[in-house]
Amino acid sequence: LEEIIFPETCNVRKLSPIAYRYNDGISTTWFYQGLFNGCTSLETVVLPKSLRKIEQYAFQGAQFRGVVFPEGLATIEADWLFDGCSRLEEVSLPTMITEFAPGMFRGCKSIRKINTAASITRYGDYCFDGANSEFLNLDPNIEYGIDVFANMDGESLTIPDDFTVIPQGMFSGWWNLKHLDLGKVQEIGGRAFEGSAFTTLPISR
């Protein structure tokens, strides 16, 4: 399966992930799987014009390279939306997206471009965890959660001078990181560089 195009006559109003419930006798845990999970040859999904709501995890594990959102879309629950979409290269987001939600692009190793009509004000927890390190964005005007850029594969990292606070776990798991320039950083959160390979830590310059 290489392409999915919903027909004009389609009346799909909502996309929801597949939900699994596990109960061990003490507590109940929910697990989610995206609708296109396992479609390893999928290139593009063109969503129906009738669609009004996309729920969290809806595309989890999908291996498409791109997705086209309809203009009439009213609600996107973006938490973990593209989690594990390792072949996703470019996406154009609707104007309603003003934050990158928790885990939204986790594991998107091929992501090169995200087109947004609105200004992004926050990157949620684990937002780009395990994603392509070339898509690193450090902007002092954006609020960052924890582990936002964790587990990337970059070997070199330069913090811009106007970025002064590194949140908790932001660059943890950068196993290949060998060269680090902290610029004018004033505060470093816990686990910020946990698991990195650099041998010296320049505190200031």
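Within each chain, residue numbers correspond to sequence positions counted from 1 in written order. Reporting in this predicted model follows two pLDDT cut-offs: at least 70 for local features of residues, and 80 or more for side-chain atom pairs to be given and counted; totals over whole chains, interfaces and linings ignore these cut-offs and use all residues. In computing side-chain values, all of the structure's heavy atoms are included and hydrogens and water are not.

Novice: What exactly am I supposed to notice about the overall build of the protein here?
Specialist: Helix and strand counts for the protein come out as 0 helices and 17 strands. Counting only C-alpha atoms and orienting by the principal axes, one finds that the protein spans roughly 60 × 45 × 30 Å. Each residue is placed in one exposure class: buried if its accessible area under a 1.4 Å probe, protein chains only, is under 20% of its type's maximum, exposed if it is over 50%, and partly exposed if it falls in between. Going through the 205 residues of the protein one by one, you find that 44% of them count as buried. Should any heavy atoms of two residues lie within 4.5 Å, those residues are counted as being in contact. Residue pairs at least 24 apart in sequence account for 28% of intrachain contacts in the protein once pairs closer than 6 positions are excluded. All accessible areas in this document rest on Shrake-Rupley with a 1.4 Å probe, and a residue is counted as covered only by the protein chains that are shown. When the accessible surface of the protein is split by element, carbon and sulfur atoms take 46% of a total near 10700 Å². Of the charged side chains in the protein, 17 are positive and 26 negative; the average position of the first set lies 4 Å away from that of the second. Strands are runs of DSSP state E lasting at least two residues, helices are runs of H or I lasting at least four, and both sets are numbered from the N terminus onward. In this charge count, Lys and Arg are treated as positive and Asp and Glu as negative; neither His nor the chain ends contribute. Positions of charges follow a simple convention, taking NZ of Lys, CZ of Arg, CG of Asp or CD of Glu.

Novice: Even after reading the chapter, I still don't get the pattern of salt bridges, so can you show me in this structure?
Specialist: A side chain of one charge can pair with a side chain of the opposite charge when the charged atoms of the two come close. The term salt bridge refers to a pairing of a side-chain nitrogen on Lys or Arg with a carboxyl oxygen on Asp or Glu at a separation within 4 Å. By the definition in use, this model includes 12 salt bridges. Lys 49 serves as the salt-bridge partner of Glu 8, at 3.8 Å between the closest nitrogen and oxygen. Residue Glu 8 is located in the loop between β1 (3-5) and β2 (14-15), and its partner Lys 49 is located in the loop between β5 (44-46) and β6 (53-54); the two are separated by 41 residues in the primary sequence. Taking the relative accessible area as the measure of exposure, Glu 8 reaches 65% and is therefore exposed. Look at Lys 49 and you get exposed, because its relative accessible area is 60%. Across the salt bridge formed by Glu 134 and Arg 112, the nearest N and O atoms sit 3.9 Å from each other. Residue Glu 134 is found in the loop between β12 (122-123) and β13 (143-144), and its partner Arg 112 is found in the loop between β10 (99-100) and β11 (113-116); the two are separated by 22 residues along the sequence. Here the salt bridges share partners, and the residues they tie into one network are Lys 14, Lys 53, Glu 55 and Glu 77.

Novice: Is there a simple way to explain a nonpolar patch on the surface in this structure?
Specialist: A surface patch of nonpolar side chains, amounting to about 480 Å² of accessible area, comprises Ile 18, Tyr 20, Tyr 22, Phe 31 and Leu 35. When residues in the nonpolar patch are grouped by element, the largest group, 3 residues, is from strand β3 (residues 18-23). Tracing the sequence through the fold places Phe 31 in strand β4 (residues 28-33). Residues enter a patch when their relative accessible area is above 30% and they make no salt bridge; the linking distance is 9 Å between like charges and 5 Å between nonpolar side chains (Val, Leu, Ile, Met, Phe, Trp, Tyr).

Novice: Just to check I follow, could you spell out the sheet that holds β10 for this structure?
Specialist: Any two strands are treated as partners once DSSP identifies two or more bridges connecting them. With parallel pairing, 3 strands are arranged side by side in an open sheet as β10-β12-β13. Only two strands of the sheet have a single partner each, and these edge strands are β10 and β13. Both β10 and β12 contribute to a ladder of 2 bridges, which runs parallel. Looking at β12, one finds that Phe 100 is bridged to Tyr 123.

Novice: In this structure, what is going on with the sheet that holds β2? I would like to understand it.
Specialist: Within a beta sheet, neighbouring strands are joined by backbone hydrogen bonds and run either parallel or antiparallel to one another. One open sheet accounts for 3 strands, arranged β2-β6-β8; its pairing is parallel. Each edge of the open sheet is held by one strand with a lone partner, namely β2 and β8 (75-76). Here 2 bridges tie β6 to β8, and the two strands are oriented parallel to one another. Within β8, the residue paired with Lys 53 across the bridge is Thr 75.

Novice: Whenever I open this one, the side chain of Asp 129 confuses me. Can you help?
Specialist: As for its position among the elements, Asp 129 is in the loop between β12 and β13. Buried within the structure, Asp 129 lacks any salt-bridge partner; its nearest side chain of opposite charge belongs to Arg 106, at an N-O separation of 4.6 Å. In terms of polar contacts, Asp 129 uses its side chain to reach the side chain of Asn 151, at 2.8 Å. Not counting the four nearest positions on each side in its chain, Asp 129 is found in contact with Arg 106, Gly 107, Asp 147, Val 148, Ala 150 and Asn 151. Polar contacts here mean pairs of N or O atoms no more than 3.5 Å apart (in protein, one a potential hydrogen donor and the other a potential acceptor; neighbouring residues in sequence count only if both atoms are side-chain atoms).

Novice: Help me understand the nonpolar core in this model?
Specialist: For our purposes a nonpolar core is just a set of buried Ala, Val, Leu, Ile, Met, Phe, Trp, Tyr and Cys residues, chained together by side-chain atoms within 4.5 Å. Counting residues in hydrophobic clusters, the biggest one holds 57 residues, and the most contacted among them are Phe 59 and Phe 82. Ignoring anything within four residues of it in the chain, the contact list for Phe 59 reads Leu 15, Gly 34, Phe 36, Leu 47, Ile 54, Phe 64, Val 67, Phe 69, Leu 81, Phe 82, Asp 83 and Cys 85.

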